[in-house]
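For reference, the chains in residue letters:
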Amino acid sequence: MSTRRKPTSPTANGQPIPLTSTMPASSIRSSSIRTHPAARSPFFPTRLEALLIAIYPATLILGSVFSILSPASRGAPYSATSQSHPPEFAPSYFAQKRNVFNVYFVKVGWFWTTLAFAVFLVFNPGLGSGLSVRRIRATFRYSVVTLWWVFVTQWFFGPPLIDRGFRFTGGQCELLRDPEARQEMSETREYFTAAACKGVGGSWKGGHDISGHVFLLILGSALLWFEFLPALTRAEGLRDGRRIMLDDGKVATVAVEKDPDAEKETPTKQGVKFSLGVAALMWWMLLMTAAYFHTWFEKFTGLLVAFSGLWAVYFLPRGVPAVRAVLGMPGV
Ligand SMILES: CCCCCCCCCCCCCCCC(=O)SCCNC(=O)CCNC(=O)[C@H](O)C(C)(C)COP(=O)(O)O
Ligand SMILES: Nc1ncnc2c1ncn2[C@@H]1O[C@H](COP(=O)(O)O)[C@@H](OP(=O)(O)O)[C@H]1O
């Protein structure tokens, strides 16, 4: 039997009063605790967040559908090993690996994510003045997301998770099929990673290759959107409508934990424009990756791995007060 109480929302003339950021903090604190069993779990996004997050799978579907329907893409040969169209048959500039946006933007995508986040962190007044708690928590969130990027694409106590997944699903460096190379391999364990394999002229074949581009572009751009959207808008679904679990297990809107100073601040674009530009270009490159590279399943796993890291940083804390005390929530 449920021990939860009925909702205790305030009423006026029998009508419920909406919980808004303009209510005095004292009344919000006591009145906004909602314990209705049907209340949406704090671990899940609000409706507006879900709508915005859905842009990512929608983009992957759009790109994949385009690649199936476009006569130029259909007519161009495709190499499953290189995950791309051979450059001489590339159906568009963006289908070439050497395109300038890939080389200088996506391939160093975490540098751009870091720079955009740093600009937001330093210049957005919504984070308080100086080394505020909100600024420190935002830095923690960035660090954990960065750690996830490191584990998935760069290093995970040896080869990164993408390379371990590839090997685990039966993939290997093509040089290993050559018995001579196999002998040398016992001394050169570096062939275990995609980068080392390609570096010695081998081809990394046979396993499931999670799309690193899809992973990085979603992780980096969503980090930026999650951080700066609450600073840019007063939309309920991105700010006060978010639900959290309190220490006593009750579910409330995030207004109960809000710093009263944050209430007085008006939304501002200061420090956001550069992040907005980086996030928008990342979306475009995600669409290009979806249209010209990888199988649909490799793109889907790239999305899943990115979403799991984002969920741990942006949704898990809503339901676990101890984690929330360290990572906080954007705009709170
Ligand atoms: C509370 C816990 C604290 C823990 C803190 C951990 C922080 C770790 C620090 C790690 C250093 C952060 C560095 C930040 C600055 C930079 O990002 S500079 C590096 C720039 N490099 C990139 O951006 C590379 C991005 N590229 C890739 O990841 C891959 O190339 C790819 C896009 C995934 C594609 O892979 P391919 O194999 O090349 O196709
Ligand atoms: N949008 C894009 N533009 C250009 N190249 C892309 C791309 N998306 C993926 N690629 C290329 O496709 C290959 C597989 O990408 P990933 O696994 O990172 O998603 C990589 O090749 P290289 O490793 O030869 O550079 C990568 O550069």
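Residues numbered from 1 in each chain as written. Chains lettered and ligands numbered in written order. Predicted model: local features only at pLDDT ≥ 70, side-chain atom pairs only at ≥ 80, totals over all residues.

Labelled according to an unreviewed UniProt entry, the chain appears under the name Acyl-coenzyme A diphosphatase SCS3, originating from Melanomma pulvis-pyrius CBS 109.77. UniProt annotates the chain under Subcellular location (unreviewed entry) with the comment "Endoplasmic reticulum membrane". Of the chain, the UniProt comment under Sequence similarities (unreviewed entry) reads exactly: "Belongs to the FIT family. Fungal FIT2B/SCS3 subfamily." (UniProt positions renumbered as here; feature names shortened; annotations may be inferred.)

**Student:** Looking at this model, I keep getting lost on the UniProt feature "active site" (unreviewed entry) in the chain. Mind explaining?
**Tutor:** UniProt tags H213 and H294 as "active site" (unreviewed entry). A maximum C-alpha distance of 9.8 Å is found for the annotated residues, which run over 82 residues; spatially they form one tight group. Mapped onto the secondary structure, H213 falls in helix α11 (residues 212–232). Judged by the 23 C-beta atoms lying within 10 Å of it, H213 is buried. If we skip the residues at most four places from it in the chain, H213 touches V106, T289 and F293. Along the chain, the position of H294 falls in the loop between α13 (273–292) and α14 (296–314). (Helix = DSSP H or I, 4+ residues; strand = E, 2+ residues; numbered from the N terminus. Buried ≥ 20, exposed ≤ 12 C-beta atoms within 10 Å, placed from the backbone. Contact = placed C-beta atoms within 7 Å.)

**Student:** Is there a simple way to explain the site of ligand 1 in this structure?
**Tutor:** Around ligand 1, 18 residues are found, and the nearest of them are W110, F111, S143, T153 and G212. Going through the elements one at a time, α6 (109–123), α7 (133–154) and α11 are the ones with two or more residues in the shell around ligand 1. Here the shell around ligand 1 takes seven residues from α7, the largest share from any one element. Split into classes, the residues belonging to the shell around ligand 1 amount to 10 nonpolar, seven polar and one charged. (Near = placed C-beta within 6 Å. Nonpolar A, V, L, I, M, F, W, Y, C, P; charged D, E, K, R; others polar.)

**Student:** Explain the site of ligand 2 to me, please; I cannot follow it from the model alone.
**Tutor:** Taken together, the neighbourhood of ligand 2 is formed by 14 residues, with N102, S211, G212, H213 and T289 sitting nearest. Contributions of two or more residues to the shell around ligand 2 are made by α11 and α13. Looking at which element gives the most residues to the shell around ligand 2, the answer is α13, with three residues. Of the residues belonging to the shell around ligand 2, the class tally is three nonpolar, nine polar and two charged.

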